[in-house]
Amino acid sequence: MARSSTSKMKNNFVKKHSYISVPSEIISSISYNSTSLQSLLCPPPPQKPTTRRPPLLKLLLRNPTFWFLSLILSVFFFFGTLELYFNLDLFSLYGPDHPRLRPALISDLKSHFPQLGVLEARLEGDGGNGGEEEEEGEREFWRQPDGLGYKPCLGFSGEYRKASEVMVRDRSRYLMVVVSGGMNQQRNQIVDAVVIARILGAALVVPVLQVNVIWGDESEFSDIFDLERFKSVLANDVRIVSSLPSTYLRKRPMEESQTPFHASPRWIRQHYLGRLRKDGVLLLRGLDSRLTVDLPSDLQKLRCKVAFHALKFAPRILELGNKLTERMHRHGPYLALHLRLEKDVWVRTGCSPGLSSEYDQIINSERKRHPELLTAKSNMTAHERKLAGLCPLNAIEVARLLKALGAPRNARIYWAGGEPLGGKEALLPLTREFPHLYNKEDLALAGELEPFTKRASLMAAIDYIVCEKSDVFMPSHGGNMGHVIQGHRAYAGHRKYITPNKRHMLPYFLNSTIPEAEFNIIVKELHQDSLGQPELKIGRMGRDVTKYPVPECMCNGTEVEVA
């Protein structure tokens, strides 16, 4: 019975087993991968599905806003690095849209990061009255002087106009002139040449520019000035011809180079008119300061007409000068400086450059080798010359003067002039206080200056344009360029022109015990009448109308006449 029940149990057990057919390849793969058959046939119980979040970096890389902000920050970092390294304000130099670029970028950043706007508002709120006072100081610096309503007024007398009809038809007298010096010296001599031609009733042959020995500049009149304009503007005053008629070419012109300083119209007629009538041609050299500045009213007006209307720069010079002016103006008003820091200036003036004892020795040695270069009074020491106001301001003094007069630190400054003694290091005291300092080499695009680089007169003309069109102009020392620009700015409406009161202010510069606030008040008071206001010349002899055009060439009535 027991055996029988055991047999039943075995049979039942066998019946409960099931068999499947599995290919040998699967069995082999199962054995190779150490996976049991049970794991294949009995999968693990199902688990709750879990959502895997992609990494943060992948999310950022998929976000277009992230790429846009990265590009903006990269641009800021790149230009910021250049600005710090090269001391440039690159956003405002090139391209017509750059003045709008920075505000647009900042606005976009604020839209993505509202905290920036909050921070900016807090900073502006913390400025208080100090910020308002600073803004008022900046506005005061850029404020233009009261021109008292003076405008160009060149109404010639009836006698003058009647004489003009005869002169412009005359074909028997010709005046030739050779002008020398730098561009601004030549400009002054050309003005005098036109007036002398008028005094003699002669036609003026286009002035010959003497080759400059120092710079080797062989520029001709038409290289610098617009010749056709020169002829047309003066057509009713003096006949301008490009060359002598063929009938005079074989004649050797009578040459005169001994014209005295400040010669009067009467002296000129007495000494030159007889020769001119006899020979038909007169050649004059060395006209620098030869013609008196005290002339009859009509001749004074003629000087202004030549200086401010007839003598315009050649189109290609004017084009580049206007481009550089536009680049300076794109970010607001700008100041122009004429810095006289070149080696030859320190040698000629007998002054100390104030850089170091090494440079003082260089200048002193040069003076000993070339005593003829010294144009200053030799019986005065360098210190005495400085106290007398006879020396150029150096970079330290220019920076202190501008700060005292309220020039903002972010003021954009264009400086004209040659290579300073000591190179760029000589300008460091100025760039530390006013980092946005540029010259034509900084502003010009690649290749723009190439046609002018070996022509000192053309380079000086470019400087002249940018300086004359500035909002504020200041020379560090007197000279031809400063004087001509002073008159030009006055004639254009008395635009601000700072004349450093060197003789009165330098003792305060040398006194280190004066507090800065008190120093600034003193300097402003010394210059309150030296900011380009009209300077009436009535009753004052010896003042050039091309520097002080009021009242001979300007009037403050309602009518403006330019003949």
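To keep things clear, this report deals only with the structure shown in the data block. (Residues numbered from 1 in each chain as written. Predicted model: local features only at pLDDT ≥ 70, side-chain atom pairs only at ≥ 80, totals over all residues. Heavy atoms only, no water.)

### Overview of the overall build of the protein chain
Turning to step 1, where the next piece is worked out: If you tally the helices and strands in the protein chain, you get 24 helices and 12 strands.
Turning to step 2, where the next piece is worked out: Among the 563 residues that make up the protein chain, the fraction classed as buried is 41%.
Turning to step 3, where the next piece is worked out: Long-range contacts, defined here as pairs at least 24 residues apart, represent 78% of the contacts in the protein chain between residues at least 6 apart. (Helix = DSSP H or I, 4+ residues; strand = E, 2+ residues; numbered from the N terminus. Buried < 20%, exposed > 50% of the residue type's maximum accessible area, 1.4 Å probe, protein only. Contact = heavy atoms within 4.5 Å.)

### Considerations on the packing of aromatic side chains
Turning to step 1, where the next piece is worked out: Across all of its chains, the model carries 11 aromatic pairs by this definition.
Turning to step 2, where the next piece is worked out: Measuring from ring centre to ring centre gives 4.5 Å for Phe308 and Tyr491, while their planes differ by 25 degrees; the resulting arrangement is stacked. With Phe308 in helix H13 (residues 297-310) and Tyr491 in helix H22 (residues 480-491), the pair connects residues that are 183 residues apart, well separated along the chain. When sorted by exposure, Phe308 lands in the same class as Tyr491, which is buried. (Phe/Tyr/Trp six-rings, centres within 6.5 Å; stacked < 30°, edge-to-face > 60°.)

### Some thoughts on empty space enclosed by the protein
Turning to step 1, where the next piece is worked out: Evaluated as defined, the whole model comprises five cavities of 30 Å³ or more.
Turning to step 2, where the next piece is worked out: Forming the boundary of the largest cavity are 17 residues, of which Gln486, Ala490, His494, Gly532 and Gln533 lie nearest the centre.
Turning to step 3, where the next piece is worked out: For the lining of the largest cavity, the per-class residue count stands at seven nonpolar, six polar and four charged.
Turning to step 4, where the next piece is worked out: In this structure, the second largest cavity occupies an estimated 60 Å³ of space.
Turning to step 5, where the next piece is worked out: Lining the second largest cavity are Met167, Val168, Asp170, Ala197, Arg198, Gly201, Ala202, Ala203, Asp237, Val238 and Arg239.
Turning to step 6, where the next piece is worked out: Its residues placed into classes, the lining of the second largest cavity shows six nonpolar, one polar and four charged. (1 Å grid on protein atoms, 1.4 Å probe; cavity = no way out; pocket = protein on both sides within 12 Å on 5 of 7 lines; lining within 4 Å. Points joined across faces, edges and corners; volume = space filled by probe spheres on them. Nonpolar A, V, L, I, M, F, W, Y, C, P; charged D, E, K, R; others polar.)

### A word on the state of the cysteines
Turning to step 1, where the next piece is worked out: In this structure the tally under the stated criterion is two disulfides.
Turning to step 2, where the next piece is worked out: The disulfide partner of Cys304 is Cys553, and the S-S distance across this bridge is 1.9 Å. Across the disulfide from Cys304 to Cys553, rotation about the S-S bond amounts to roughly 85 degrees, and the bridge is consequently right-handed. Of the two residues, Cys304 is situated in helix H13 and Cys553 in the loop between helix H24 (516-526) and strand E12 (554-555); the sequence distance between them amounts to 249 residues. (Disulfide = S-S within 2.5 Å.)

### Focus on the pairing of strand E7 (residues 281-285)
Turning to step 1, where the next piece is worked out: Buried residues dominate E7, accounting for four of its five residues.
Turning to step 2, where the next piece is worked out: Across three bridges, strand E6 (residues 254-256) lies against E7 in parallel orientation. Counted as the bridge partner of Glu256 is Leu284 from E7.
Turning to step 3, where the next piece is worked out: Handedness of the crossover joining E6 and E7 through helix H12 (residues 265-279) is recorded here as right-handed. (Pairing = 2+ DSSP bridges. Right-handed = clockwise from strand over helix to strand, strands pointing away.)

### A word on the sheet that holds strand E9 (residues 412-416)
Turning to step 1, where the next piece is worked out: In spatial order, the strands read E10-E9-E8-E11; together these four strands make up an open sheet with parallel pairing. Each having just a single partner strand, strand E10 (437-438) and strand E11 (472-475) make up the two edges of the open sheet.
Turning to step 2, where the next piece is worked out: Pairing of E9 with E10 involves two bridges; the strand directions are parallel. Residue pairing for E10: Tyr414 is matched across the bridge by Tyr438.

### Observations concerning the nonpolar core
Turning to step 1, where the next piece is worked out: Leu175, Leu200, Leu204, Phe230, Leu302, Phe313 and Ile317 are the most contacted members of the largest nonpolar core, which has 80 residues in total.
Turning to step 2, where the next piece is worked out: Considering every element that reaches this core, the biggest residue donor is helix H9 (residues 183-200), with 10 residues.
Turning to step 3, where the next piece is worked out: If sequence neighbours within four positions are ignored, Ile317 has contacts with Asp223, Ile224, Phe452, Leu458, Ala461, Ile462 and Ile465. (Core = buried A, V, L, I, M, F, W, Y, C linked by side-chain atoms within 4.5 Å.)

### Some thoughts on the packing of helix H23 (residues 502-509) against H24
Turning to step 1, where the next piece is worked out: Packing of H23 against H24 brings their axes to within 10 Å, and their N-to-C directions diverge by 175 degrees. Here H24 runs roughly antiparallel to H23, going by the angle between their axes. Counting all contacts with H23, which are made through His504, Met505, Tyr508 and Phe509, the residues of H24 involved are Phe519, Ile522, Val523 and Leu526. (Axes fitted to C-alpha atoms, helices over the stretch in contact; angles between N-to-C directions. Parallel < 35°, antiparallel > 145°, perpendicular 65-115°, else oblique.)

### A few points about the environment of Glu135
Turning to step 1, where the next piece is worked out: Along the chain, the position of Glu135 falls in helix H7 (residues 114-142).
Turning to step 2, where the next piece is worked out: Taking relative accessible area as the criterion, Glu135 reaches 47% and is therefore assigned partly exposed.
Turning to step 3, where the next piece is worked out: For the pair Glu135 and Pro408, spaced 273 residues apart in sequence, the C-alpha to C-alpha distance is 8.9 Å.

### A closer look at helix H16 (residues 357-369)
Turning to step 1, where the next piece is worked out: In this model H16 runs 18 Å from its N-terminal to its C-terminal C-alpha over 13 residues, within 8% of the 18 Å that 1.5 Å per residue would give.
Turning to step 2, where the next piece is worked out: Within H16, burial applies to Ile363, Glu366 and Arg367. Seen along its axis, H16 keeps its buried residues to an arc of 100 degrees; they face one direction. For H16, exposure combined with an orientation more than 90 degrees from the buried face picks out Ser357, Glu358, Lys368 and Arg369.
Turning to step 3, where the next piece is worked out: On its buried face, H16 sits against helix H15 (343-349). (Expected span 1.5 Å × (residues − 1). Arc of directions from axis to C-beta.)

### Description of H13
Turning to step 1, where the next piece is worked out: Taking 1.5 Å of rise per residue, the 14 residues of H13 would be expected to cover 20 Å, and the 18 Å separating its terminal C-alpha atoms lies within 8% of that figure.
Turning to step 2, where the next piece is worked out: Across the 14 residues of H13, 13 count as buried, placing the element largely inside the fold.

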